[in-house]
Amino acid sequence: ARDIVNTRSAAELSALFAERADEPYADEIASSIVEWRSNEQKRERKAPVGIRTTLELRYVVEECIAAVLAAEGVEPKERFPPKKFYAMWRAPTKRLPKRTKDKLIKKYAERKPRHVNHVMRVFQALRMEVNDELLHIQSFFDMGIAERCLEVG
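What comes next concerns the included structure. (Residues numbered from 1 in each chain as written. Predicted model: local features only at pLDDT ≥ 70, side-chain atom pairs only at ≥ 80, totals over all residues. Heavy atoms only, no water.)

**Digging into the overall build of the protein chain**
Piece 1. Summing up its helical and strand segments, the protein chain has 9 helices and 0 strands in all.
Piece 2. What you see in the protein chain, going N to C, is helices and strands ordered as α-α-α-α-α-α-α-α-α.
Piece 3. In the protein chain, which comprises 153 residues, the proportion classed as buried is 35%.
Piece 4. Residue pairs at least 24 apart in sequence account for 65% of intrachain contacts in the protein chain once pairs closer than 6 positions are excluded. (Helix = DSSP H or I, 4+ residues; strand = E, 2+ residues; numbered from the N terminus. Buried < 20%, exposed > 50% of the residue type's maximum accessible area, 1.4 Å probe, protein only. Contact = heavy atoms within 4.5 Å.)

Structure follows, in structure tokens:
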């Protein structure tokens, strides 16, 4: 999943999210992921690694959806994103101490999800792509197993 998120173009990611998860904001999420990667390469990390964790991916998706909803005039219940979480990944010059970062990650993981459906759809699409689930379903029908297992009616 990490390779998919960090190597595919915005068009490929958008098609993946739209086809596999029916995500209505597929284009916006894909653009945010690609923008995050390109900004990540400009930062002072030793090597451009893109999105490294599921928590980081969730952050990117939530940040994108919050911006889209704000542009549409939908105000989130709680201000988003909190500045302290933003600093966790985008510290401009120095890395955060491990203890501080661990504390922020714990708080971030414990907070209430705001855009769960969009995040879940993105993870669903990635899971389906990684596991090649559509191919397995197609082979299930091609081998005739479905007719033997499922009753008519």
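**Quick notes on the nonpolar core**
Piece 1. Ranked by internal contacts, the top residues of the largest apolar core, which has 25 residues, are Phe17, Ile29, Ile33, Leu57 and Leu126.
Piece 2. Elements with a minimum of two residues in this core: α1 (2–7), α2 (10–21), α3 (26–42), α4 (54–71) and α7 (116–131).
Piece 3. At 8 residues, the largest contribution of residues to this core is made by α4.
Piece 4. In contact with Ile33, not counting residues within four places along its chain, are Val5, Leu13, Phe17, Ile51, Leu57 and Val60. (Core = buried A, V, L, I, M, F, W, Y, C linked by side-chain atoms within 4.5 Å.)

**Digging into the side chain of Ser14**
Piece 1. The topology assignment puts Ser14 in helix α2.
Piece 2. Overall, the relative accessible area of 9% leaves Ser14 in the buried class.
Piece 3. The contacts of Ser14, once residues within four sequence positions are left out, are Ala26, Asp27 and Ala30.

**Looking at the pattern of salt bridges**
Pairing of side chains with opposite charge becomes possible as their charged atoms draw close.
Piece 1. Counted according to the given criterion, the structure contains 6 salt bridges.
Piece 2. Glu129 is the partner of Arg20 in a salt bridge, and the nearest nitrogen-oxygen pair spans 2.9 Å. With Arg20 in helix α2 and Glu129 in helix α7, this residue pair connects regions lying 109 residues apart in the sequence.
Piece 3. A salt bridge links Glu56 to Arg52, with the nearest nitrogen and oxygen atoms 3.6 Å apart.
Piece 4. Of the residues examined, Arg52 reaches a relative accessible area of 29% and is grouped as partly exposed. (Salt bridge = Lys/Arg side-chain N within 4 Å of Asp/Glu carboxyl O.)

**Considerations on α2**
Piece 1. Compared with the 16 Å implied by 1.5 Å per residue over 12 residues, the 16 Å span of α2 between its first and last C-alpha is a close match.
Piece 2. Among the residues making up α2, those that are buried are Leu13, Ser14, Leu16, Phe17, Arg20 and Ala21. Seen along its axis, α2 keeps its buried residues to an arc of 160°; they face one direction. Facing away from the buried side of α2, by more than 90 degrees, are the exposed residues Ala11 and Glu19.
Piece 3. Looking one or two residues beyond α2, the residue adopting positive phi is Asp22, at roughly 55°. (Expected span 1.5 Å × (residues − 1). Arc of directions from axis to C-beta.)

**What about the layout of surface pockets?**
Piece 1. One number sums up the size of the second largest pocket: a volume of about 180 Å³.
Piece 2. Lining the second largest pocket are 13 residues, and of these Ala1, Arg2, Thr54, Leu57 and Phe123 sit closest to its centre.
Piece 3. Per element, the largest residue contribution to the lining of the second largest pocket is 4 residues, and it comes from α7.
Piece 4. For the lining of the second largest pocket, the class distribution of residues is 7 nonpolar, 3 polar and 3 charged. (1 Å grid on protein atoms, 1.4 Å probe; cavity = no way out; pocket = protein on both sides within 12 Å on 5 of 7 lines; lining within 4 Å. Points joined across faces, edges and corners; volume = space filled by probe spheres on them. Nonpolar A, V, L, I, M, F, W, Y, C, P; charged D, E, K, R; others polar.)

**Some points on the side chain of Arg20**
Piece 1. At 2.9 Å, the side chain of Arg20 and the side chain of Glu129 are in polar contact.
Piece 2. Once you skip the residues sitting within four places of it in the chain, Arg20 turns out to touch Ala15, Gln124, Ala125, Met128, Glu129 and Leu134. (Polar contact = N/O pair within 3.5 Å; in protein donor to acceptor, adjacent residues only side chain to side chain.)

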